Amino acid sequence: MTKQPNLFWHPSAVTAKEREALLKQRGCVLWFTGYSGSGKSTLARALERKMIDAGHLAYVLDGDNVRHGLNAGLTFSDEDRRENLRRVAEVAKLFADCGIVCAVSFISPTRESRRRAREIVGPDRFMEVYIDADLDTCETRDVKGLYARARRGEIPDFTGVSSPYEPPEAPDLHLRTAARDVAACADELLAFVQDRCLR
Ligand SMILES: Nc1ncnc2c1ncn2[C@@H]1O[C@H](COP(=O)(O)OP(=O)(O)OP(=O)(O)O)[C@@H](O)[C@H]1O
Ligand SMILES: [Mg+2]
């Protein structure tokens with residue numbers, strides 16, 4: 001990305017700390033990664049519900065939803081996937097700067113893609129959440145019918161079928177969704193957020 005010589009950064013009159021004090025929480029980005037169908041959107045929504053019910057502000061940035069609006073013009077080429085991720089990470093950073101707990105639900109299959117997201121958000125606010133279900137389980141769930149289509153060769157570069165998934169090596173939180181139900185995983189997620197963002 002080229003730097004614009006005529007642009008200047010205008011500092012805010014309010015600090016991130018002040019916003020966090022107002023909301024009584026710490027702004028952070030929970031970067032969910034895992035196969036399609038592993039449970040990223042389900043758990044992100046469950047967290048958002050629990051947080052709001054408990055009087056805390058959380059917001060979900062869902063990969064698919066963002067492609068309906070902000071990133072509607074982007075394709076699934078390598079370059080556009082990178083741009084999709086860059087924009088989502090930049091938006092998540094803004095949410096965190098507002099003091100919001102922002103859950104990003106996005107397959108982000110490569111370590112490099114997650115490293116870039118961490119770099120954009122900043123390591124202090126970035127937490128990698130591995131939504132871990134094995135490929136067989138995700139394919140059996142096939143919530144959107146995408147695995148069936150990918151197996152028929154109708155979707156190029158589909159993670160797990162025709163494109164690799166690199167699991168996180170040291171995630172901040174590891175949720176195993178094949179072995180436990182939604183409620184148990186959502187409780188564990190909330191406990192993690194309470195510990196990291198609400199104290
Ligand atoms: N412990 C669990 N946690 C989350 N989801 C679970 C769990 N057990 C079963 N499921 C089911 O698995 C499915 C997960 O679908 P979901 O849309 O959340 O996946 P996703 O990771 O967001 O996929 P995509 O990358 O395609 O958006 C849902 O039907 C959900 O009910
Ligand atoms: Mg989803």
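Use the structure listed above.
Residues numbered from 1 in each chain as written. Chains lettered and ligands numbered in written order. Predicted model: local features only at pLDDT ≥ 70, side-chain atom pairs only at ≥ 80, totals over all residues. Heavy atoms only, no water.

A. Layout of helix 4 (residues 78-97). Between its first and last C-alpha atoms helix 4 spans 29 Å; for 20 residues at 1.5 Å apiece the expected length is 28 Å, and the two agree. All buried positions along helix 4 are accounted for by Asp80, Glu83, Asn84, Leu85, Val88, Ala89, Ala92 and Ala96. Phi turns positive, to about 95°, at Gly99, one or two residues after helix 4. (Helix = DSSP H or I, 4+ residues; strand = E, 2+ residues; numbered from the N terminus. Expected span 1.5 Å × (residues − 1). Buried < 20%, exposed > 50% of the residue type's maximum accessible area, 1.4 Å probe, protein only.)

B. Broad picture of the environment of Thr159. Residue position: Thr159 is located in the loop between helix 7 (146-151) and strand 5 (173-176). Judged by relative accessible area, which is 7%, Thr159 ranks as buried. Thr159 sits 51 residues away from Ser108 along the chain, and the two C-alpha atoms are 9.4 Å apart. The residues touching Thr159, leaving out its near neighbours within four places in the chain, are Tyr35, Ile107, Pro109, Tyr147, Pro164 and Tyr165. (Contact = heavy atoms within 4.5 Å.)

C. Broad picture of the pairing of strand 4 (residues 126-132). The buried fraction of strand 4 is high, at 7 of 7 residues. Residue alternation in strand 4 divides its side chains into two sets, Phe126, Glu128, Tyr130 and Asp132 and Met127, Val129 and Ile131, and both sets are buried. Where strand 1 (residues 28-33) meets strand 4, 5 bridges bridge the pair, whose relative direction is parallel. Among the inter-strand pairings, Phe32 is bridged to a residue of strand 4, identified as Val129. Sheet topology note: the strand 4/strand 5 ladder contains 4 bridges and is parallel. If you follow Tyr130 over to strand 5, its bridge partner there is His174. (Pairing = 2+ DSSP bridges.)

D. Local environment of the state of the cysteines. Taken as a whole and assessed by the stated rule, the structure comprises 0 disulfides. Among the cysteines around Cys98, which has no disulfide bond, Cys102 carries the closest sulfur, lying 9.9 Å off. (Disulfide = S-S within 2.5 Å.)

E. Representation of the pattern of salt bridges in the model. For the structure on display, the rule yields 18 salt bridges. With a closest N to O distance of 2.9 Å, Arg86 and Glu83 form a salt bridge. Placement of the pair is Arg86 and Glu83 together in helix 4, with a separation of 3 residues, close to one helical turn. Overall, Glu83 belongs to the buried group, its relative accessible area being 17%. A salt bridge links Arg115 to Glu119, with the shortest nitrogen-to-oxygen separation between them at 2.8 Å. Separated by 4 residues within a single helix, Arg115 and Glu119 lie in helix 5 (residues 111-121), roughly one turn from each other. With relative accessibility at 57%, the residue Glu119 sits in the exposed group. Connected via shared salt-bridge partners are Glu112, Arg115, Arg116 and Glu119. (Salt bridge = Lys/Arg side-chain N within 4 Å of Asp/Glu carboxyl O.)

Just distances and angles here, no functional claims.
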